[in-house]
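# Inside the fold
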Amino acid sequence: MSTRPDLLFRTLADPTRRGLFERLCRDGEQTVGALTTGAGISQPAVSKHLGLLKQAGLVRDRHEGRQTHYSAQLDALAPLVDWTRQMAGFWQHRFDRLEDLLKRMDQ
């Protein structure tokens, strides 16, 4: 597997980061303060998680005065979608072969 999907999987493996990313996907652009509310962790911890999400290309930040706004970058998920599609095709092929074998065994 290439480095890009590895980084994305590693980044989204953390439930807090995944939750922040999901909130940005669902609710749109938000400030660090808004994301901290309801996150159950401190603002510095939220900022650290957002930094890792940004490093993986999953979020983009925009500075406006003293506030930083974050938004999800859905196209960054493309390598994961591609990998999932490949794995689905692989397993479908395997299941089809198993089904053929079972049919031959029943005859």
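A quick note: this is a predicted structure, and the numbers were derived from the prediction, not measured.

This brings us to the pattern of salt bridges. For the coordinates displayed, the defined rule picks out six salt bridges. One salt bridge in this structure joins Lys103 and Glu99, with 3.8 Å as the shortest N-O distance. Of this pair, Lys103 and Glu99 both sit in helix α5 (residues 78–106), four residues apart, which is roughly one turn of the helix. Look at Lys103 and you get partly exposed, because its relative accessible area is 47%. Ionic contacts of the salt-bridge type, sharing partners, join the residues Glu29, Arg62 and Glu64 into one network.

Here we come to the side chain of Thr36. Tracing the sequence through the fold places Thr36 in helix α3 (residues 32–36). Exposure remark for Thr36: the relative accessible area of 17% places this residue in the buried category. Excluding its chain neighbours within four sequence positions, the residues that come into contact with Thr36 are Ile41, Ser42, Gln43 and Val46.

Now for the nonpolar core. Ranked by internal contacts, the top residues of the largest apolar core, which has 17 residues, are Phe21, Leu24, Leu35, Leu50, Leu53, Leu58 and Tyr70. Only α1 (3–13), α2 (15–27), α3, α4 (43–55) and β3 (67–72) provide two or more residues apiece to this core. Beyond its immediate chain neighbours, meaning those up to four positions away, Phe21 contacts Leu12, Leu53, Leu58, Val59, Ala72, Gln73, Leu74 and Leu77.

Turning our eyes to something else, we now look at the side chain of Arg17. Tracing the sequence through the fold places Arg17 in helix α2. It is Asp14 that comes nearest to the buried, bridge-free Arg17 among opposite-charge side chains, at 4.2 Å. Residues within four places of Arg17 in sequence aside, it is in contact with Arg10, Thr11, His49, Leu52 and Leu53.

Our next topic: a nonpolar patch on the surface. Among the surface-exposed residues, Phe90, Trp91, Phe95, Leu98, Leu101, Leu102 and Met105 lie close enough to one another that they form a single nonpolar patch of about 700 Å² accessible area. As for its position among the elements, Leu102 is in helix α5. The class for Leu102 is partly exposed, based on a relative accessible area of 44%.

The rules behind the values
Residues numbered from 1 in each chain as written. Predicted model: local features only at pLDDT ≥ 70, side-chain atom pairs only at ≥ 80, totals over all residues. Heavy atoms only, no water. Salt bridge = Lys/Arg side-chain N within 4 Å of Asp/Glu carboxyl O. Helix = DSSP H or I, 4+ residues; strand = E, 2+ residues; numbered from the N terminus. Buried < 20%, exposed > 50% of the residue type's maximum accessible area, 1.4 Å probe, protein only. Contact = heavy atoms within 4.5 Å. Core = buried A, V, L, I, M, F, W, Y, C linked by side-chain atoms within 4.5 Å. Lys, Arg positive; Asp, Glu negative; His and termini not counted. Patch = residues over 30% accessible without salt bridge, like charges linked within 9 Å, V, L, I, M, F, W, Y side chains within 5 Å. Areas by Shrake-Rupley, 256 points an atom, 1.4 Å probe, with all protein chains shown as cover.

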